[in-house]
Amino acid sequence: MNAATSLVSQGQDLLARDAGLLWHPYASLDAGARYAVTGAKGVRLTLEDAHGTHEVIDGMGSWWSMVHGYRHPVLDAAAHAQIDSFSHVMFGGLTHAPAVELAERLVAMAPGDLSHVFLADSGSISVEVALKLVLQYHHARGHTGRQRFAALRGGYHGDTFAAMGVCDPVDGMHAAFARPGAEQLFLPRPPAARLTVEGSWEFDAAEFTVWETEARALAAAHAPELAGIIAEPVLQGAGGMYVYAPAALRVLREIADEHDLLLVLDEIATGFGRTGTLFASEWAGVVPDVMCVGKALTGGYLTLAAMLCTPKVAGALDGAYGSGSALLHGPTFMGNPLACAVANASLGLLTGGGDPRAADAPWREQIAALETGLREALDPAAALSSVKDVRVLGGVGVIQLHEPVALAEVTAAAVRQGAWVRPFRDLLYVMPPYISSRDEIRLLGAALVAAVEHVHGS
Ligand SMILES: *Cc1c(COP(=O)(O)O)cnc(C)c1O
């Protein structure tokens, strides 16, 4: 052992102090963190552990949120400028430019007539607000018996109590908790689908018909108790990185209309281009009554989410059916100016300041390049006998194994190969930053394939 290795590095020191002190997501107190981050720039993180320093490509994009890269000069400048003005001020009774500008941007980007905005401090909270709004909508119209939600099996909508209630009841990571409030209604998961290189959707039509019949019948049987339907459009994320046919969204839209239910689409993971359309609902041409966005909203800089709704929904609370009533939510840090300012800069980078759906909008070219790169880079995984499926949709790449991923071993192997990933269940997936170059995607894919091969065999 030489002198250098006997020194406790900054990272090792942090790991030692962290253990037993801090909880990490879905982890026991003692085993939360394996690496300390000592730097981040562009698509790369600098990690430290007992073995030294590792420069890795962040394949997770900080859990879907970091799209423009770390320390982006435009986002850094927006944050600095807002700090020099004011970082925070309460939103009760007050407003400010960053929030107004952000709401206007979101409305301009959102599909259809989603034109009213509630700023929330996290994705889960935006789901809570969406569910409250749906209940208040029916209440304002005198439909007080409509208290339940229909949700898709395999869904994930957040970790707070109401959001947990609409997550998959078995796989939703919340099985330890009694179901909060009314038991929700779970519709079967639509059949899996695949977007071909030519851009068409492949799925089993017979299976789809079975699903549709069952979903319609279940909803019809419970319609008088139902207030709304909630779903992640096209891609179910934390519930299994599962892609289903966009046509299912049209069925959900029809069910909602037929039974006077509101359709809530949770675009927290899929919004802002990730699946190849600006919002995933656009794959189906469906406009929800209520939409939640989060994750990539601030380019991964600060926590912020938003809920948008149509005039029909907002109007019900606004006195259209009698006396007006307030939307009953208002977090302390609502509309945080710093987060809004960075979000404005991030959305500006995605759209290039022009039409957000233009053929040459920056996000569109970036996602198209990511999709091509991921298809190439992950393709060799399909040849491994330990691999069950490889799928790519927009800027999302998934390797599904036949068995649960050996989390610690695969993570360590990937880090040695130069990639940061956080597998779950039988899934190893990446959602790289939009700015990733072709070479970086190639490196990322090669690291993943090598890690799977090393740990789970060829
Ligand atoms: C991450 C996520 C949430 C929860 O957002 P948080 O900011 O973690 O509270 C909700 N829905 C979906 C689809 C998500 O991916």
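All values reported here derive from a predicted model rather than from experimental measurement. (Residues numbered from 1 in each chain as written. Predicted model: local features only at pLDDT ≥ 70, side-chain atom pairs only at ≥ 80, totals over all residues. Heavy atoms only, no water.)

## A short note on the UniProt feature "binding site: pyridoxal 5'-phosphate" (unreviewed entry) in the chain
Keep this limit in mind: UniProt positions are given in the numbering used here, feature names are shortened, and annotations may be inferred rather than shown by experiment. Numbered from the N terminus, helices here are DSSP runs of H or I no shorter than four residues, and strands are runs of E no shorter than two. The contact criterion used is simple: two residues touch if any of their non-hydrogen atoms lie within 4.5 Å. The buried label applies to any residue whose accessible area, calculated with a 1.4 Å probe on protein chains only, is under 20% of its type's maximum; exposed applies above 50%, and partly exposed to all values in between.
Under the UniProt annotation, the feature "binding site: pyridoxal 5'-phosphate" (unreviewed entry) is placed at Gly-123, Ser-124, Asp-266, Pro-331 and Thr-332. With the annotated positions falling across 210 residues, the maximum pairwise C-alpha distance of 23.1 Å shows that they are not confined to a single cluster. One can find Ser-124 in helix 6 (residues 123-140). Other than its neighbours up to four places away in sequence, Ser-124 contacts His-157, Gly-158, Asp-159, Thr-160 and Ala-163. Along the chain, the position of Thr-332 falls in the loop between helix 10 (311-320) and helix 11 (337-351). What makes Thr-332 exposed here is its relative accessible area of 62%.

## Structural notes on the pairing of strand 13 (residues 290-293)
Selection rule: What makes two strands pair is DSSP finding at least two bridges between them.
Of the two faces of strand 13, both are covered, the one formed by Val-290 and Cys-292 as well as the one formed by Met-291 and Val-293. Bridge count for strand 12 (residues 262-266) against strand 13 is three bridges, and the pairing is parallel. For Leu-265, the partnering residue across the bridge sits in strand 13 and is Met-291. The pairing of strand 13 with strand 14 (residues 305-309) spans four bridges and is classified as antiparallel.

## Side note on the site of the ligand
How we decide: Consider each residue's heavy atoms; a residue with any of them within 4 Å of a molecule or strand counts as near. Pairs of N or O atoms are called polar contacts if they sit within 3.5 Å, as long as, within protein, a hydrogen donor faces a hydrogen acceptor (for residues adjacent in sequence, only side-chain-to-side-chain pairs). Per-residue and other accessible areas follow the Shrake-Rupley method at a 1.4 Å probe size, with only the shown protein chains counted as cover for residues.
Around the ligand, the surrounding shell consists of Ser-122, Gly-123, Ser-124, Tyr-156, His-157, Gly-158, Glu-232, Asp-266, Ile-268, Ala-269 and Lys-295. For the ligand, a nitrogen atom lies 2.7 Å from a polar atom in the side chain of Asp-266. At a separation of 2.6 Å, an oxygen atom of the ligand approaches a polar side-chain atom of Lys-295. Here the ligand has 380 Å² of accessible area as a free molecule, and 82% of this is covered by the chains.

## Here we look at the sheet that holds strand 15 (residues 387-393)
To keep it simple, the criterion reads: Between the N-to-C directions of two axes lies an angle of 0 to 180 degrees, each axis being a line fitted to C-alpha atoms and, for a helix, fitted only over the stretch in contact.
Spatially, the three strands line up as an open sheet ordered 15-16-18, and their pairing is antiparallel. The sheet is open, and its two borders are formed by strand 15 and strand 18 (427-430), each paired with just one other strand. Here the average twist between neighbouring strands, direction ignored, is 10 degrees. Relative to strand 18, strand 16 (residues 396-401) runs antiparallel, the two being bridged by four bridges. Across the sheet, residue Gln-400 finds its bridge partner in strand 18, namely Leu-427.

## Re helix 13 (residues 407-417)
Where helix 13 is concerned, the buried positions are Val-410, Thr-411, Ala-413, Ala-414 and Val-415. Buried residues in helix 13 make contact with strand 2 (44-49), strand 3 (52-58), strand 17 (419-420), strand 18 and helix 14 (438-456). Gly-418 sits one or two positions beyond helix 13 and adopts a positive phi of about 100 degrees.

## Focus: the nonpolar core
Heads up, the condition is: Residues enter a nonpolar core if they are buried and are Ala, Val, Leu, Ile, Met, Phe, Trp, Tyr or Cys, with the set joined through side-chain atoms within 4.5 Å. Boundaries of every domain are those given by an automatic assignment or by a domain database.
Grouped together as the largest cluster of nonpolar side chains are 107 residues, with contacts concentrated most on Leu-102, Leu-106, Met-241, Leu-252, Phe-272 and Leu-448. Built from parts of two domains, this core gets at least three residues from each of domain 1 (56-65 + 361-456) and domain 2 (76-351). If near-sequence neighbours (up to four positions away) are discounted, Leu-102 is found in contact with Leu-119, Leu-297, Leu-304, Cys-340, Ala-343, Asn-344 and Leu-347.

## Focus: the side chain of Arg-253
Within the element layout of this structure, Arg-253 appears in helix 9 (residues 247-258). Here the side chain of Arg-253 touches Asp-257 through a polar contact of 2.8 Å, side chain to side chain. Dropping the residues within four chain positions of it, Arg-253 is found in contact with Leu-261, Leu-263, Val-286, Val-287, Pro-288 and Asp-289.

## A word on the pattern of salt bridges
To be explicit about the condition: Basic side-chain nitrogens of Lys or Arg form a salt bridge, by our definition, when they fall within 4 Å of a carboxyl oxygen of Asp or Glu.
Enumeration according to the criterion identifies 16 salt bridges in this entry. We note a salt bridge from Arg-391 to Asp-389, for which the minimum N-O separation is 2.8 Å. By relative accessible area, Arg-391 is classed as buried at 12%. Among the charged side chains, a network of salt bridges with common partners joins Glu-212, Arg-216, Glu-254 and Glu-258.

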